[in-house]
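Reading the structure
Letter by letter, the chains look like this.
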Amino acid sequence: MLDCFEERVAIREFDGGLGRQEAERAALGETAAAYGVAPEVLAQRIRQEARQ
């Protein structure tokens, strides 16, 4: 999940011209929808994966 999220952030930053925070917000919603989870749940899972 973390890899997918980070890839979507990078695409939005570099191809979309968004700032980091905007890119993360957009990517969070997009990734959550792709995995069928609430954005809050995804954010928690991403934080957990990042710690490992």
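Attention in this report is confined to the structure presented alongside it. (Residues numbered from 1 in each chain as written. Predicted model: local features only at pLDDT ≥ 70, side-chain atom pairs only at ≥ 80, totals over all residues. Heavy atoms only, no water.)

With respect to the pattern of salt bridges
The cut-off we apply is this: For salt bridges, the criterion is a side-chain nitrogen of Lys or Arg within 4 Å of an Asp or Glu carboxyl oxygen. Runs of E in the DSSP output that reach at least two residues are strands. Runs of H or I that reach at least four are helices, and both are numbered from the N terminus. In this scheme, a residue with accessible area under 20% of its type's maximum is buried, one over 50% is exposed, and one in between is partly exposed, where area comes from a 1.4 Å probe on protein chains only.
One pass over the full model with this rule turns up four salt bridges. Where R8 meets E30, a salt bridge forms, and the shortest distance between an N and an O atom there is 2.8 Å. In this pair, R8 sits in helix α1 (residues 2-14) while E30 sits in helix α2 (residues 20-35), placing the two residues 22 residues apart along the sequence. The exposure class assigned to R8 is partly exposed, which follows from its relative accessible area of 22%.

A word on the packing of α1 against α2
Each packed pair of helices is defined by two parameters, the angle between the axes and the distance between the axes. Heads up, the condition is: Structural elements are reduced to axes, namely lines fitted to C-alpha atoms, with helices fitted over the stretch in contact, and the angle between N-to-C directions of any two is expressed from 0 to 180 degrees. Should an angle fall under 35 degrees it is called roughly parallel, over 145 degrees roughly antiparallel, and 65 to 115 degrees roughly perpendicular, with every other angle called oblique. Throughout, a crossing is termed right-handed when the near helix is turned clockwise from the far one, and left-handed when it is turned anticlockwise from it by less than a right angle. The contact rule is simple, with two residues in contact once any of their heavy atoms fall within 4.5 Å. Charged means Asp, Glu, Lys or Arg here, nonpolar means Ala, Val, Leu, Ile, Met, Phe, Trp, Tyr, Cys or Pro, and polar covers whatever is left, Gly included.
At a minimum axis distance of 8 Å, the contact between α1 and α2 shows a crossing angle of 135°. Overall, the two elements α1 and α2 adopt an arrangement that is oblique. The crossing of α1 and α2 is right-handed. Contacts from C4, F5, R8, V9, R12 and E13 in α1 reach R20, A23, E24, A26, A27, L28, E30, T31, A34 and Y35 in α2. Looking at the contact of α1 with α2 residue by residue, the class counts come to nine nonpolar, one polar and six charged.

What to know about α2
This is how the line gets drawn: Every helix has an expected span of 1.5 Å times one less than the residues it contains.
For α2, built from 16 residues, the straight-helix expectation of 22 Å at 1.5 Å per residue is met to within 8% by its first-to-last C-alpha distance of 22 Å. Considering only its buried residues, α2 is in contact with α1 and α3 (39-51). Positive backbone phi, approximately 70°, marks G36, located one or two places after α2.

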